[in-house]
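Residue-level structural notes
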Amino acid sequence: MKATHFVRIVTSTGALALVAALAACSRPAPAPEPVRAVKLVTVSAGALDASAEYAGEVRAQVESRLGFRVGGKLLERPAELGQRVKPGQLLARIDAQDLALSSQAAQAAVAAARTQRDLARADLDRFKNLQSQGFVSGAEIDRRQATLDAAEASLKQAQAQSSVQGNQAAYARLLADSAGVVTAVQAEVGQVVSAGTPVVVVAQDGPRDVVFAVPEDRLALVRPGTPATVRPWAGTPDAQALKGTVREVAASADATTRTFLVKLALPGNAPLPLGSTAYVTLQTPLSGAQAITLPTSAVQRSSEGDRKGSMVWVFDAASSTVQARPVVVAGADGNRVVIADGLKPGDEVVAAGGHVLSAGQKVTRFAAQ
């Protein structure tokens, strides 16, 4: 009787231990997903402000960096900064003494070559008379003819060299090619300059440009032929704005600023002085167009599966949940993103807080304090 009671006590104790062990191994129930507070914006179409204003500098369409064709010591530079020059006007002069001596040496070489030619011709004539008398052979005449031909070639070579040396002597004077204004002086009297080194820069009279820089994100909106409005920086408030057209866009970015140089052609009668500052407002094809724009914080990158691109979180008011929707980005309008496809007016999009969301998650509207 006592033994049976002991067995029952052991069995009950084992059952309790088993229940406790099973309870310890079971997983706790997952905590409910928190309801996120997000900022929502209602999608609507509005006019784009794709125009942009840039500060530029007025320059001549043709600026000549003039230098000597030969090297030498600069003896004279009549041209001064801001001076108006005429075609053929003396701008600078280098020491031409060595060039004159080289020209004289070339002329002496011409005279020597001409003497050798005359001697070879007289020698040939004399041998022809001897041949008619039967004293020399035809081979001797051929040798004398070859000597004359070589003397003729030497004379032509000396004459060409003399012409080159004569031109170089004239290159000691730097003359203006056309009428214009001296915009830079890059050499002083007493300096030894090499051939091709710029001495003065002349802005030729004629059409004017406004030169300005455009950042890379705006380059796609700037093309040759794009119209623009130009207003002078120092002009009066009631000054009439000028109309211009983009003439040239640089093919590569500046190595330092990473911007692209743009040249805007001005009308021929533009009263803007060289070097003055002017403001350029470009009228792009997107200016005034109706489009959907969103804050940059609303658009995110999507990398689900093979679908990679841009997406937004769209709010469903009936279920208070959000769903990811792919969109097509057309560009930027200031600090907003232009949406080309994927949304329609009236949709509610998460503008802030989307980085912590998942598909089907419940959200609540963010209430500003």
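Our subject is the structure listed above.
About the cut-offs
Residues numbered from 1 in each chain as written. Predicted model: local features only at pLDDT ≥ 70, side-chain atom pairs only at ≥ 80, totals over all residues. Heavy atoms only, no water. Axes fitted to C-alpha atoms, helices over the stretch in contact; angles between N-to-C directions. Helix = DSSP H or I, 4+ residues; strand = E, 2+ residues; numbered from the N terminus. Parallel < 35°, antiparallel > 145°, perpendicular 65-115°, else oblique. Left-handed = near helix turned anticlockwise from the far one by under 90°. Nonpolar A, V, L, I, M, F, W, Y, C, P; charged D, E, K, R; others polar. Buried < 20%, exposed > 50% of the residue type's maximum accessible area, 1.4 Å probe, protein only. Pairing = 2+ DSSP bridges. Expected span 1.5 Å × (residues − 1). Contact = heavy atoms within 4.5 Å. Phe/Tyr/Trp six-rings, centres within 6.5 Å; stacked < 30°, edge-to-face > 60°. Lys NZ or Arg CZ within 6 Å of the ring centre and 35° of its normal. Polar contact = N/O pair within 3.5 Å; in protein donor to acceptor, adjacent residues only side chain to side chain.

**Topic: the packing of helix α2 (residues 97-132) against helix α3 (residues 138-170)**
- It is at 8 Å that the axes of α2 and α3 come closest, and there the two elements cross at 165°. Here α2 lies roughly antiparallel to α3, going by the angle between them. When the axes of α2 and α3 are compared, the crossing they make is left-handed.
- A class-by-class count of the residues in the contact of α2 with α3 yields 14 nonpolar, 15 polar and eight charged.

**Brief notes about the environment of Gln-107**
- In this fold, Gln-107 is placed in helix α2.
- Looking at Gln-107, the relative accessible area reads 49%, which means it is partly exposed.
- In the structure, Gln-107 is positioned 56 residues away from Ser-163 in sequence and 8.8 Å away in space, judged by C-alpha atoms.

**Details of the sheet that holds strand β8 (residues 173-175)**
- Spatially, the four strands line up as an open sheet ordered β8-β7-β5-β10, and their pairing is antiparallel. At either end of the open sheet lies a strand with only one pairing partner, and these are β8 and β10 (192-193).
- Pairing between strand β5 (residues 72-76) and β10: two bridges, direction antiparallel. Along β10, the bridge assignment pairs Lys-73 with Val-192.

**A short note on the pairing of strand β14 (residues 242-249)**
- Judged from the four bridges that link them, strand β13 (residues 227-232) and β14 form a sheet pairing that is antiparallel. Paired with Pro-227 across the two strands is Thr-245, which belongs to β14.
- Relative to strand β15 (residues 260-265), β14 runs antiparallel, the two being bridged by four bridges. Bridge pairing in β15 places Val-246 opposite Leu-264.

**Observations concerning α2**
- Over its 36 residues, α2 runs 53 Å from end to end, which matches the ideal 52 Å to within 8%, given 1.5 Å per residue.
- Residues of α2 that are buried: Leu-99, Ser-103, Ala-106, Val-110, Ala-113, Arg-117, Ala-120, Asp-123, Leu-124 and Phe-127.
- Structurally, α2 contributes buried residues whose contacts are with α3.
- Once α2 finishes, Gly-134 follows within two positions and takes phi at roughly 85°, a positive value.

**A look at unusual backbone geometry**
- Not every positive phi belongs to a glycine, and Arg-258 is a case in point at roughly 60°.
- Counting through the fold element by element, Arg-258 comes out in the loop between β14 and β15.
- Not every positive phi belongs to a glycine, and Ser-320 is a case in point at roughly 55°.

**Details of the sheet that holds β13**
- Around the barrel, which closes on itself, the six strands sit in the order β3-β12-β15-β14-β13-β16 with antiparallel pairing between neighbours. Strand after strand, the sheet turns through a mean of 40° between neighbouring axes, direction not considered.

**What about the pairing of β5?**
- With two bridges connecting them, β5 and strand β7 (residues 90-94) associate as antiparallel partners. Its bridge partner lying in β7, Leu-74 is registered against Ile-94.

**Details of the packing of aromatic side chains**
- Evaluation of the coordinates by the stated rule reveals one aromatic pair.
- Judged by centre distance (5.5 Å) and plane angle (20°), the rings of Tyr-54 and Phe-212 are stacked. Note that Tyr-54 is positioned in strand β3 (residues 52-60) and Phe-212 in strand β12 (residues 208-214), a separation of 158 residues in sequence. Each of the two residues, Tyr-54 as well as Phe-212, counts as buried.
- If you follow Arg-144 out to its NZ or CZ, it ends over the ring of Phe-127, 4.1 Å from the centre.

**As for the side chain of Ser-64**
- Examined against the element boundaries, Ser-64 turns out to sit in strand β4 (residues 63-67).
- When sequence neighbours within four positions are dropped, the list of residues in contact with Ser-64 reads Val-200, Val-201, Val-202 and Gln-204.

**A look at the environment of Leu-130**
- By secondary structure assignment, the location of Leu-130 is in helix α2.
- The exposure class assigned to Leu-130 is partly exposed, which follows from its relative accessible area of 30%.
- Note: C-alpha distance between Leu-130 and Ile-141 (11 residues apart in sequence) is 9.7 Å.
- Those residues within four positions of Leu-130 in sequence are excluded, and the remaining contacts are Phe-135 and Val-136.

**What to know about α3**
- Here α3 contains 33 residues, and its C-alpha end-to-end distance of 49 Å stays within 8% of the 48 Å for a straight helix at 1.5 Å per residue.
- Buried within α3 we find Glu-140, Ile-141, Arg-144, Leu-148, Ala-151, Leu-155, Ala-158, Ser-162 and Gln-165.
- Of the surrounding elements, those touching the buried residues of α3 are α2.

**Observations regarding the side chain of Arg-77**
- Locating Arg-77 in the fold gives a position in the loop between β5 and β6 (84-85).
- Engagement of the side chain of Arg-77 in a polar contact is seen with the backbone oxygen of Ala-187, the distance being 3.0 Å.
- Here Glu-188 takes part through its side chain, which lies 2.8 Å from a polar atom of the side chain of Arg-77.
- Aside from chain neighbours lying at most four places away, what touches Arg-77 is Leu-91, Ala-92, Val-185, Ala-187, Glu-188, Val-189, Val-199 and Val-200.

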